[in-house]
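# Residue-level structural notes
Below, each chain spelled out in residue letters.
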Amino acid sequence: NVMTNLSNAYASDLLPSKEGEDLTKCFLLRVVNILLHYIEKTFDDKSKILDFHHPHQLLEGLDGFDLELSDHPESLEQLLVDCTDTLKYGVKTGHPRYFNQLSSGLDVIGLAGEWLTATANTNMFTYEIAPVFTVMETVLLKKMCGIIGWRETEADGIFSPGGSISNLYGILVARYKQYPEIKARGMAVLPCIVLFVSEQGHYSIKKAAATLGIGTDNVIEVKCDERGKMIPAELEKNILQAKRKGQTPFCVVATAGSTVFGAFDPLHDIADICETHKLWMHVDAAWGGGLLLSRKHSCKLSGIERADSVTWNPHKLMGVPLQCSAVLTREKGLLGACNQMQAEYLFQPDKVYNINFDTGDKTIQCGRHVDVFKLWLMWKAKGTYGFEVQIDRYMELAKYFYKVLKKKDNFKLVFDAEPEFTNVCFWYFPPRLKHIPKSFERDQELQKIAPKIKAQMIVEGTAMLSYQPCGDKVNFFRMVFSNPATRQTDVDYLIDEIQRLGKDL
Ligand SMILES: O=C(O)c1cc(=O)cc(C(=O)O)o1
């Protein structure tokens, strides 16, 4: 039973070793108990979000938590202690007051899905070894393409290791569509191609340009308005300028839900420009894609149905456990043509089943982790309406947060308008700074406030939210809602906590 002491038992005694059954059950139940205890602590708002230590302290070994690897095996009992320590020194990203990233929260159904996925331990490259998961992937891709507004029969896509790779796929396919010869002959046969993204776009667009050999110099950043939305007239101007310089525009990346401000680019205006100049339109909806599930708010992505490719990360607003990202393409077959190599030891043409389900060749990967089951199980568990309710609640919380902050004179909103998404950006002014008129000197002081408050928050483990400068705006906090555990009381607590930690700064 679970109370057996495992100090004299080792991994080698577990299945598949003979008579390993009981020990395996006992060990795994002990692990599950550790996880169940952690899950309870995660949702307990009286527990600390983290027990912060510096990297050197972890490396030196905390209270016997020795990260070094040895020649000899540890007992199963010791491994259970290692599991407990690993969670002890981590960050409870499912805690009600964890607001640090766009991906947050811990969904129990998603967790169960991930446990099953790990137990199934298979690879997505062929139907042959992942029959259920590859078919589930096609069902999910069809569903997501339908929600975008494409005809489900035509559309295509793949689940990738993250939003940055999904964006890379979008740009890769855009370039291949325009210049298919690049696959065999490389960049030498291409003119100087350029792509466009707003200055608030994600840095993964530049990463993709560097990785694909396009060059970051050939990523043209388009000016945004004060809310962080791309200005269509600026895009048009940049495109004409590039053409005059002898560059060849081929792709525009629109952002639906920018990382810091949660801004939605005007997709119809951008689609019009892409149509005029015959440019591929990729929409980076890694963060905003989930809003398509809300009948009340999906209008913010109106025009997305005109895109040629879309990035959408269910591991963000939909709260699917990391990782779960999809790149969706309107033209069926293009992803495959762009990436397939038809390795004969995996993608034999003479298999017993319909080899269209051998999706591995659509990717730039070979082995690919099963990221779809947890999403499929959550969708079964919640229904589309279940996601909608959850997402609409985040939007309400963001509105509430904005309204409360607006009335507090030691908080200042970066944009004094109701939030378009769940991002709310603001400064906190300690009383000392409140009465100093805006000046370079005051900004120099204000710049230090958020980092100091955040540092103390982390040390005390009471809350976590991120801060950043942006352009001429000195460090400001960014609140985001995408955590199902967050309640209104957590919002009130956060505001009080910022004031408690900041009042004497
Ligand atoms: O998946 C995430 O949680 C995520 C991805 C980002 O690129 C940026 C951020 C962020 O700024 O919180 O979060």
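Our structure's up above, just so we're on the same page.
All values derive from a computational prediction rather than experimental measurement. (Residues numbered from 1 in each chain as written. Predicted model: local features only at pLDDT ≥ 70, side-chain atom pairs only at ≥ 80, totals over all residues. Heavy atoms only, no water.)

The next subject is the packing of aromatic side chains. Taken as a whole and judged by the stated rule, the model has 17 aromatic pairs. With centroids separated by 5.8 Å and ring planes inclined at 15°, the aromatic side chains of Phe 261 and Phe 476 adopt a geometry described as stacked. With Phe 261 in the loop between strand 5 (248–255) and helix 10 (267–277) and Phe 476 in strand 12 (residues 473–479), the pair connects residues that are 215 residues apart, well separated along the chain. Measuring from ring centre to ring centre gives 5.9 Å for Phe 373 and Trp 376, while their planes differ by 25°; the resulting arrangement is stacked. Of this pair, Phe 373 and Trp 376 both sit in helix 12 (residues 373–406), three residues apart, which is roughly one turn of that helix. (Phe/Tyr/Trp six-rings, centres within 6.5 Å; stacked < 30°, edge-to-face > 60°. Helix = DSSP H or I, 4+ residues; strand = E, 2+ residues; numbered from the N terminus.)

The environment of the ligand is made up of Asn 100, Gln 101, Leu 102, Ser 103, His 202, Thr 259, His 315, Lys 316 and Arg 478. Here an oxygen atom of the ligand sits 3.1 Å away from a polar atom, N or O, in the side chain of Lys 316. With the chains in place, 75% of the 320 Å² that the ligand exposes on its own is no longer accessible. Here the residues of the shell around the ligand are counted per class, giving one nonpolar, six polar and two charged. (Near = heavy atom within 4 Å. Polar contact = N/O pair within 3.5 Å; in protein donor to acceptor, adjacent residues only side chain to side chain. Areas by Shrake-Rupley, 256 points an atom, 1.4 Å probe, with all protein chains shown as cover. Nonpolar A, V, L, I, M, F, W, Y, C, P; charged D, E, K, R; others polar.)

The end-to-end C-alpha distance of helix 5 (residues 131–148), which contains 18 residues, comes to 26 Å, matching closely the 26 Å that a straight helix rising 1.5 Å per residue would cover. By the burial criterion, the buried members of helix 5 are Phe 133, Thr 134, Met 136, Glu 137, Leu 140, Leu 141, Met 144, Cys 145 and Ile 148. Viewed end-on, helix 5 has its buried residues packed into an arc of 165°, placing them on one side of the element. Those residues of helix 5 that are buried lie in contact with helix 4 (108–120), strand 2 (156–160), strand 7 (309–312), strand 8 (325–329) and helix 12. One or two steps after helix 5, the chain reaches Gly 149, where phi turns positive at roughly 115°. (Expected span 1.5 Å × (residues − 1). Buried < 20%, exposed > 50% of the residue type's maximum accessible area, 1.4 Å probe, protein only. Arc of directions from axis to C-beta. Contact = heavy atoms within 4.5 Å.)

How two helices pack is summed up by the angle between their axes together with the distance between the axes. Close contact between helix 14 (residues 440–460) and helix 15 (residues 488–502) brings their axes to 9 Å; oriented N to C, the two are set at 110°. Relative to helix 15, the element helix 14 lies roughly perpendicular. Within the contact between the two elements, helix 14 uses Ile 453, Gln 456, Met 457 and Glu 460 and helix 15 uses Leu 494, Glu 497, Ile 498, Arg 500, Leu 501 and Gly 502. Of the residues belonging to the contact of helix 14 with helix 15, the class tally is five nonpolar, two polar and three charged. (Axes fitted to C-alpha atoms, helices over the stretch in contact; angles between N-to-C directions. Parallel < 35°, antiparallel > 145°, perpendicular 65-115°, else oblique.)

Of note, Arg 442 is situated in helix 14. Beyond its immediate stretch of four places on either side in the chain, Arg 442 contacts Phe 429, Leu 433, Ile 436 and Pro 437.

Here the focus is the sheet that holds strand 8. Overall, mixed pairing links the seven strands, which are arranged 2-8-7-6-5-3-4 in an open sheet. Edge positions in the open sheet fall to strand 2 and strand 4 (219–222), since each of these has one partner strand only. On average, each strand axis in the sheet is inclined to that of its neighbour by 20°, with strand direction left out of account. Two strands pair when backbone bridges link them, and strand 3 (residues 193–198) and strand 4 are joined in this way by four bridges, in the parallel orientation. Within strand 4, the position partnered with Leu 195 by the bridge is Val 219. The strands touched by helix 6 (residues 163–178) are strand 2, strand 3, strand 5, strand 6 (280–284), strand 7 and strand 8; relative to strand 6, the strand with the most contacts, the crossing angle is about 175°. Contacting strand 5 and strand 6, helix 10 runs over the sheet at an angle of about 155° to strand 6. (Pairing = 2+ DSSP bridges.)

On to the nonpolar core. Grouped together as the largest cluster of nonpolar side chains are 99 residues, with contacts concentrated most on Val 283, Phe 401 and Phe 426. Element by element, the count of residues in this core is highest for helix 12, at 14 residues. The residues touching Phe 401, leaving out its near neighbours within four places in the chain, are Val 424, Phe 426, Met 479, Phe 481, Val 491, Leu 494 and Ile 495. Grouped together as the second largest cluster of nonpolar side chains are 28 residues, Ala 174, Tyr 176, Ile 214 and Leu 335 included. (Core = buried A, V, L, I, M, F, W, Y, C linked by side-chain atoms within 4.5 Å.)

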